[in-house]
Amino acid sequence: MVSMAMSGRRKSLDFSGFVITSQQFLIISCLMVSVAVAQELAITPPRGWNSYDSFSWTITEDQFLANAQIVATTLKSSGYEYVVIDFLWFRMRLPGASVTSPGFDIIDEWGRPVPDPVRWPSTAGGKGFAPIAEKVHAMGLKFGIHVMRGISTAAVANNTPILGAQGSPEGAGGRPWSAQDIALTSQPCSWMPGCFVSVNTSSEGGTAFINSLYQQYASWGVDFVKHDCVFGADDLSLDEITAVSQAIANTSRPIVYSLSPGVRATPSMGSAVNELVHMYRVTSDDWDTWGDVALHFDVARDFAAAGLIGAQGLQDGYSWPDLDMLPLGWLTDPGANKGPHRPTNLSPDEQKSQITLWAMAKSPLMYGGDLRQIDQDTLDLITNPVMLNINAYSFGNAEIAAGPLLGSQALPVLSLAACSETKGASWAVKKSSIPGAYDQLCWTIPTASIAQTNSEGCLNWTMSSLSSISGTWQQAMDSKNNIGHLGNAHVWSYDAGNMCLDSLDYRSNLGILHLSNLEAHAGIMTSGQFLPCSKQKSQVFLEVSQL
């Protein structure tokens, strides 16, 4: 696989080793741009740390703040800014308590969850998460929490009153609204049915309850909410998502709104929610097995093809299909009652493949391992600058077809092939016929199905020194002893160092994509499978190296 990345800086970026390894899936191509960042939320896919993969529901205040501090000192410079407490921060850790056990949750007098003061001592005395959010903000980070669907069964059992509800339920003789008036007990959370049920958001009481929740979160200083059990085939609740979206807008606080999980989610579901949220899970939970990772290839393809990557989001922000947290480093187990106790089961190559796919699909990047035990290899992986640039600034992300596209006779640019295959694509340098232009890096793919026909294409490029390509490099390119195999197609394995696509300001009428506020843009690609575009002033770096 050849990766292209653009940078406004004249700097060498090493992205060698990031390869999609599965032969079952096609390659996603990315063109890179540097975009002037606006003030809207989630202008690029959010990045941060989430406690679930390493602590399940058992995390404590000290453990959370220790991880947040490492994010601030080690990852913030790479764009990781959200630190998120995952589920059940309101559940007491007592004998018999587990992920699915009711009867251990702490609520206030209005039926709203509040943190367990034993695990979160700074929250005692009705302060909620405000003291912890203040500490996180002092680190230069943003604070997030996980919340569940609807209302807790603890509130329903206690029939708590509803804060801010006007009027009275129909036929109640003027009685104020209470939890049992708004709870839809026939619509429980599918994976925690004894603990949470839906809320009737069409009622005055239901709307007031949702608003009271998010006013409280805003008063605590929450910057990110992960809303669980409202999306996907099993639990989709557009009514509640819409109500929460409005409640967040009513707070006047900039809060990133995330949905989870996305069991059997479809692009049509994504289209129904993208303008209401900033990110939404599109798969079930992803854990550290290759089988879990592999399920994301087709999903990423489908949501990209539907045009949902970076689509319109909540409050003039953007929205991003979310492939889930990255289960790397030191982890716990799904639903465990204990914290981190084992390393990830993914091999180094599988980890590289996963984060490469996440980057190309422009998924939010939420690291899941315990940062107190992160090793250098994992740190290098999640902070790789080219991977992060692809994740933030690529556009037009899509799979490259391994065969003719449906309804098209166009040949594929690249096709999957085993490393033992001898008839792959060859690469060569082509001297430009345009006076003053630089040389081109070109490919040729023999096509067996159409006699004597090749699929061809070229990338305009030059050495980063702006000099023409050397004869020594040309000789190496022509030497059949230096042919290697990379991903799905054959490429020359001679280490040519850093090259860049040329930055001449060509102008043409080839369907050029015009975008404003761009510092740099990808070069013209003479292939029917790539979108032609003009080149601006910044250089585009292309790393060519042997894997």
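Counting of residues starts from 1 at the beginning of each chain's written sequence and follows it residue by residue. In view of the model being predicted, local features appear only for residues whose pLDDT reaches at least 70, and side-chain atom pairs are presented and counted only at 80 or more, with totals across whole chains, interfaces and linings using the full set of residues. Computation of side-chain values: all heavy atoms of the structure, hydrogens and water removed.

Asker: Please clarify how the confidence of the model for the protein should be interpreted in this entry.
Answerer: Interpretation of the predicted coordinates at a detailed level should be avoided for regions scoring low in pLDDT. Here pLDDT means the predictor's own confidence in every residue, given as a number from 0 to 100. In this model, the protein carries a mean pLDDT of 76, and residues with pLDDT of at least 70 account for 66%. Should any heavy atoms of two residues lie within 4.5 Å, those residues are considered in contact. In the predicted structure, residues 411–425 sits below a pLDDT of 50 and forms 51 contacts with residues beyond four places in sequence or in another chain. Counted against residues more than four places away or in other chains, residues 460–547, with its pLDDT under 50, gives 236 contacts.

Asker: Sorry if this is basic, but what is going on with the environment of Trp220 here?
Answerer: A run of H or I in DSSP becomes a helix once it reaches four residues, and a run of E becomes a strand once it reaches two; helices and strands are each numbered from the N terminus. Position of Trp220 relative to the elements: it lies in helix α6 (residues 204–220). For the pair Trp220 and Lys127, spaced 93 residues apart in the sequence, the C-alpha separation amounts to 8.0 Å. Excluding residues that lie within four positions of it along the chain, Trp220 makes contacts with Trp89, Pro113, Pro115, Lys127, Gly128, Phe129, Ala130, Ala133 and Ile145.

Asker: Explanation requested: the side chain of Ser101 in the structure shown.
Answerer: Turning to its location among the elements, Ser101 is positioned in the loop between β5 (82–85) and α3 (130–138). Throughout, exposure labels follow a simple rule: accessible area from a 1.4 Å probe, protein chains only, divided by the maximum for the residue type, with under 20% read as buried, over 50% as exposed, and the rest as partly exposed. Ser101 sits in the buried class, given a relative accessible area of 9%. In terms of polar contacts, Ser101 uses its side chain to reach the backbone amide nitrogen of Ser98, at 2.7 Å. Apart from the residues lying within four places of it in its own chain, the contact partners of Ser101 are Arg91, Gly96 and Cys195. Pairs of N or O atoms within 3.5 Å make up the polar contacts considered here, provided that, within protein, one atom can donate a hydrogen while the other can accept it, and that residues adjacent in sequence are counted only when both atoms are side-chain atoms.

Asker: So what exactly am I meant to see when it comes to the state of the cysteines here?
Answerer: Working definition of a disulfide: a covalent bond connecting the sulfur atoms of two cysteines. Criterion for a disulfide: a pair of cysteine sulfur atoms at a distance within 2.5 Å. The full count for this structure, using the stated rule, is one disulfide. Between the sulfur of Cys189 and that of Cys229 lies a disulfide, 2.1 Å long from S to S. On the sign convention where negative is left-handed, the bridge of Cys189 and Cys229, at about 105 degrees about the S-S bond, is right-handed. With Cys189 in the loop between β8 (183–188) and β9 (196–199) and Cys229 in the loop between β10 (224–228) and α7 (238–251), the pair connects residues that are 40 residues apart, well separated along the chain. Here Cys189 and Cys229 have matching classes, each one buried. The thiol sulfur of Cys195 is not disulfide-bonded, and the nearest other cysteine sulfur, from Cys189, lies at 8.4 Å.

Asker: I tried to follow the pairing of strand β4 (residues 47–50) on my own but got confused; where do I start?
Answerer: Along β4, one buried face is formed by Arg47 and Trp49 and the opposite face, lined by Gly48 and Asn50, is buried too. Between any two strands, pairing holds if DSSP finds at least two bridges. Inspection of the sheet shows β4 paired to β5 by three bridges, in the parallel sense. Looking across to β5, one finds that Asn50 is bridged to Val84.

Asker: For this particular structure, what's the right way to read the packing of α6 against α7?
Answerer: Where α6 contacts α7, the two axes come as close as 9 Å, and the packing angle between them is 45 degrees. The angle between α6 and α7 places the two elements in the oblique class. Considering how the two elements wind past one another, α6 and α7 form a crossing that is right-handed. On the side of α6, the interface is formed by Ile210, Asn211, Tyr214, Gln215 and Ala218, while α7 contributes Ala243, Val244, Ala247, Ile248, Asn250 and Thr251. Amino acids are sorted into nonpolar (Ala, Val, Leu, Ile, Met, Phe, Trp, Tyr, Cys and Pro), charged (Asp, Glu, Lys and Arg) and polar (every other residue, Gly among them). Residue composition of the contact of α6 with α7, grouped by class: seven nonpolar, four polar and no charged. Here, axes are lines fitted to C-alpha atoms. For helices the fit covers the stretch in contact, and angles between N-to-C directions go from 0 to 180 degrees. Every angle not falling under 35 degrees, over 145, or within 65 to 115 is termed oblique; those three ranges are roughly parallel, roughly antiparallel and roughly perpendicular. Each crossing gets its handedness from the near helix: less than a right angle anticlockwise from the far helix is left-handed, clockwise is right-handed.

Asker: Help me understand the sheet that holds strand β12 (residues 279–281), please; the structure alone is not making it clear to me.
Answerer: For sheets, the rule is that strands pair by backbone hydrogen bonds, running either parallel or antiparallel. Here we have nine strands laid out as an open sheet, ordered β13-β14-β12-β11-β10-β6-β5-β4-β17, and mixed in their pairing. Every interior strand has two partners, whereas the edge strands, β13 (311–312) and β17 (365–367), have only one. Bridge count between β10 and strand β11 (residues 256–260): five bridges; the pairing is parallel. Residue pairing for β11: Phe224 is matched across the bridge by Val256. On the sheet, α6 packs against β6 (142–147) and β10 and is oriented at approximately 150 degrees with respect to β6.

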